[in-house]
Amino acid sequence: MARKKIALIGGGQIGGILALIGTQKELGDIVVLDIPEVEGMVKGKALDIMELRPHDGYDANITGTSDYKDIEGSDVVVITAGVPRKPGMTRDDLLEINLKIITNVANNVKKYAPNAFVIVVSNPLDAIVYSFYKVSGFPKNRVVGMAGALDSGRFRAFIAMETGLSAQDVSCVVLGGHGPTMVPLSRLATVGGVPIDKLLSTEKIEAIEKRTREAGTEIVKLLGNGSAFFSPAASIMEMVEAYLKDKKRVIPSAALCEGEYGIDGYFIGVPCVIGADGIEKVLEIDLTEDEKAALANTADHVKEVVAETGL
Ligand code: APR
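In this text, all values refer to a predicted model and were calculated from it rather than measured experimentally.

> Summarise the nonpolar core; cite the residues concerned and give the values.
Judged by nonpolar contacts, the single largest core of 87 residues is most densely connected at Ile 9, Ile 71, Ile 79, Phe 132 and Val 240. Both domains that furnish three or more residues to this core are identified here as domain 1 (5-145) and domain 2 (148-307). In contact with Ile 79, other than residues within four places in its own chain, are Ile 9, Ile 102, Val 105, Val 118, Ile 119, Val 120, Val 121, Ser 122 and Phe 132. Of all hydrophobic cores here, the second largest spans 15 residues; its members include Phe 158, Cys 172, Val 174 and Ile 196.

Structural data, given as structure tokens:
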């Protein structure tokens, strides 16, 4: 059986780490595409990873390119093309420039990889994934935004850090847009099945929720130049793997809602089943009145940013 083909559109910070993790997981051959101005950079990263393979014996091929022909027939396309935040910027400040970029990328992906499962990462996520969907005309099960996996991962990490327990045993979900209005559902968070209110005080839980909502900004401030890339790459690879291995993972992701959670026609973070058909299902949770209000608030914000795309 031929290897699967994974195209990474954007070979910057996240794209580079993705190429590395994808190789280490041997999920398929990887093509990293970037603009002609930095073709050498992606070719160099790809070659460096090719030369890393003997140490642990990975057998995938990685190439760098600026020619869309090279992504032809890809099974998965991950889009990180765009600009990241600088300190003081919100994700929404990136809309104008990243909208132009996603339009160009969507037209090329449609042409060269029309059957791919597409994971959009560029910010402002909820509006950029919507734009990809509109421009490409792809079916909704094959277009998704990566945000919830990362936001929930951060929530899990903070619960693990506060309780001193393994991050692996923390289970939780963050709903909503990828920004300060996101909704971490503490009520449903557990460590190995134990509700977190048995392990942490209300004050601590509220502080963790706040830190989760601002986690991306915390890293932007610390880095001073650019945004997080290790944990986003790991979050993306979980989704790629769920699709390629038909794992039926339940991963919070920005999926097109058509009535679920009372949202219609927008991509927003909701628990999704990811398997061989892409986004196979959106799972619904019975929310409390407060949670419903918080979700309505984040949905309103997403709608405002989407309206600015004019699509
Ligand atoms: N086509 C392909 N690649 C592009 C294009 C384009 N039209 N325009 C820009 N790029 C490339 C850049 O050249 C750069 O190499 O996208 C890459 C982005 O990489 P970084 O600047 O390192 O950004 P990164 O940290 O990887 O984040 C990418 O994900 O989390 C979001 O907000 C973040 O929108 C940003 C994206």
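> How would you summarise the sheet that holds strand E10 (residues 190-191) if you had to cite specific residues and measurements?
If you walk across this open sheet you meet the three strands as E7-E10-E11, and the pairing is antiparallel. Looking at which strands have only one partner, the edges of the open sheet turn out to be strand E7 (170-171) and strand E11 (194-195). Alignment of E10 against E11, held across two bridges, turns out to be antiparallel. Bridge pairing in E11 places Val 191 opposite Val 194.

> Outline the site of the ligand, supporting the account with residue identities and numerical values.
In the vicinity of the ligand lie 20 residues, with Gln 13, Ile 14, Asp 34, Thr 80 and Asn 123 positioned nearest. Here an oxygen atom of the ligand and a backbone polar atom of Gln 13 are 2.8 Å apart. Interatomic distance of 2.9 Å between a backbone N/O atom of Ile 14 and an oxygen atom of the ligand. Look at the ligand: alone it shows 730 Å² of surface, and the protein chains cover 86% of it. More than half of the atoms of the ligand fall within 2 Å of the grid points belonging to the largest pocket. Residues of the shell around the ligand, tallied by class, amount to 10 nonpolar, nine polar and one charged.

> Quick one: what's the story with helix H7 (residues 215-223), residue by residue and with numbers?
Every buried residue of H7 is listed here: Ala 215, Gly 216 and Val 220. Projection of H7 onto a plane perpendicular to its axis shows the buried side chains occupying an angular sector of 140 degrees, all on one side. Along H7, exposed side chains directed more than 90 degrees from the buried face belong to Lys 221 and Leu 222. Close packing links the buried residues of H7 with helix H5 (148-163) and helix H6 (202-213).

> I'd like a description of the environment of Asp 126, backed by residues and values.
For Asp 126, the position within the fold is in helix H4 (residues 125-136). With 34 residues separating them in the primary sequence, Asp 126 and Asp 92 have C-alpha atoms 9.9 Å apart. With residues near it in sequence (within four places) discarded, Asp 126 still touches Gly 176, Gly 177, His 178, Ala 254, Phe 267, Ile 268, Gly 269, Val 302 and Val 306.

> Tell me about the packing of H5 against H6, residues and numbers included.
As a packed pair, H5 and H6 sit with axes 9 Å apart at the nearest point and diverge in direction by 145 degrees. Judged by the sense of rotation from one axis to the other, the crossing of H5 with H6 is right-handed. Contacts between H5 and H6 involve Asp 151, Phe 155, Phe 158, Ile 159, Met 161 and Glu 162 from the former and Lys 204, Ile 208, Arg 211 and Thr 212 from the latter. For the contact of H5 with H6, the per-class residue count stands at five nonpolar, one polar and four charged.

> Quick one: what's the story with the state of the cysteines, residue by residue and with numbers?
For the structure shown, the criterion picks out zero disulfides. Cys 172 carries a free sulfur, and the closest cysteine sulfur to it, the one in Cys 272, is 15 Å from it.

> Quick one: what's the story with the domain arrangement of the chain, residue by residue and with numbers?
When the parts come together, some accessible area is lost, and that loss is often what is quoted as the size of the interface. Looking at the chain, the domain boundaries give domain 1 (5-145) and domain 2 (148-307). In this structure, domain 1 and domain 2 have C-alpha centres spaced 22 Å apart. With 35 residues of domain 1 in contact, the opposing surface of domain 2 contributes 42 residues. Counting the surface lost from both domain 1 and domain 2, the interface buries some 3400 Å², and carbon and sulfur atoms represent 71% of this. Among the residues domain 1 hides against domain 2, the three largest losses belong to Arg 85, Arg 91 and Asp 126. Together they make up 18% of the total. Inspection of the domain 1/domain 2 interface yields two salt bridges. Between Glu 241 and Lys 25 there is a salt bridge, and its shortest N-O distance comes to 3.1 Å. Counting the contacts that link domain 1 with domain 2 gives nine residue pairs in polar contact (both at pLDDT 80 or more). Secondary structure elements with two or more residues in the side of domain 1 that touches domain 2: helix H1 (13-24), strand E4 (76-79), strand E5 (117-120), H4 and strand E6 (143-145).

> I'd like to hear about a nonpolar patch on the surface, residue by residue, with values.
On the surface, Leu 165, Val 194 and Leu 199 cluster together into a nonpolar patch covering about 210 Å² of accessible area. Position of Leu 199 among the secondary structure elements: in the loop between E11 and H6.

> Before we move on, could you go through the layout of surface pockets and cite the residues and values that matter?
Approximately 980 Å³ is the volume attributed to the largest pocket. For the lining of the largest pocket, the secondary structure elements donating two or more residues are H1, helix H3 (95-112), H5 and H7. Among the elements that make up the lining of the largest pocket, the one with the highest residue count is H3 (four residues). Taken together, the residues of the lining of the largest pocket break down into 22 nonpolar, 17 polar and five charged. Split by domain, the residues of the lining of the largest pocket number at least three in each of domain 1 (5-145) and domain 2 (148-307). As a volume, the second largest pocket reaches approximately 480 Å³. As for the second largest pocket, its lining consists of 23 residues, of which Ser 152, Arg 156, Cys 172, Val 250 and Pro 252 are closest to the centre. Every element with two or more residues in the lining of the second largest pocket is listed here: H5, E7, helix H8 (230-244) and strand E12 (249-258). Top contributing element to the lining of the second largest pocket by residue count: H5, with six residues. Residues that form the lining of the second largest pocket fall into these classes: 14 nonpolar, six polar and three charged.

Cut-offs and rules
- Residues numbered from 1 in each chain as written.
- Predicted model: local features only at pLDDT ≥ 70, side-chain atom pairs only at ≥ 80, totals over all residues.
- Heavy atoms only, no water.
- Core = buried A, V, L, I, M, F, W, Y, C linked by side-chain atoms within 4.5 Å.
- Buried < 20%, exposed > 50% of the residue type's maximum accessible area, 1.4 Å probe, protein only.
- Domains from an automatic or database assignment.
- Contact = heavy atoms within 4.5 Å.
- Pairing = 2+ DSSP bridges.
- Helix = DSSP H or I, 4+ residues; strand = E, 2+ residues; numbered from the N terminus.
- Near = heavy atom within 4 Å.
- Polar contact = N/O pair within 3.5 Å; in protein donor to acceptor, adjacent residues only side chain to side chain.
- Areas by Shrake-Rupley, 256 points an atom, 1.4 Å probe, with all protein chains shown as cover.
- 1 Å grid on protein atoms, 1.4 Å probe; cavity = no way out; pocket = protein on both sides within 12 Å on 5 of 7 lines; lining within 4 Å.
- Sits in = over half its atoms within 2 Å of the grid points.
- Nonpolar A, V, L, I, M, F, W, Y, C, P; charged D, E, K, R; others polar.
- Arc of directions from axis to C-beta.
- Axes fitted to C-alpha atoms, helices over the stretch in contact; angles between N-to-C directions.
- Left-handed = near helix turned anticlockwise from the far one by under 90°.
- Disulfide = S-S within 2.5 Å.
- Buried area = accessible area lost by both parts, 1.4 Å probe.
- Salt bridge = Lys/Arg side-chain N within 4 Å of Asp/Glu carboxyl O.
- Patch = residues over 30% accessible without salt bridge, like charges linked within 9 Å, V, L, I, M, F, W, Y side chains within 5 Å.
- Points joined across faces, edges and corners; volume = space filled by probe spheres on them.

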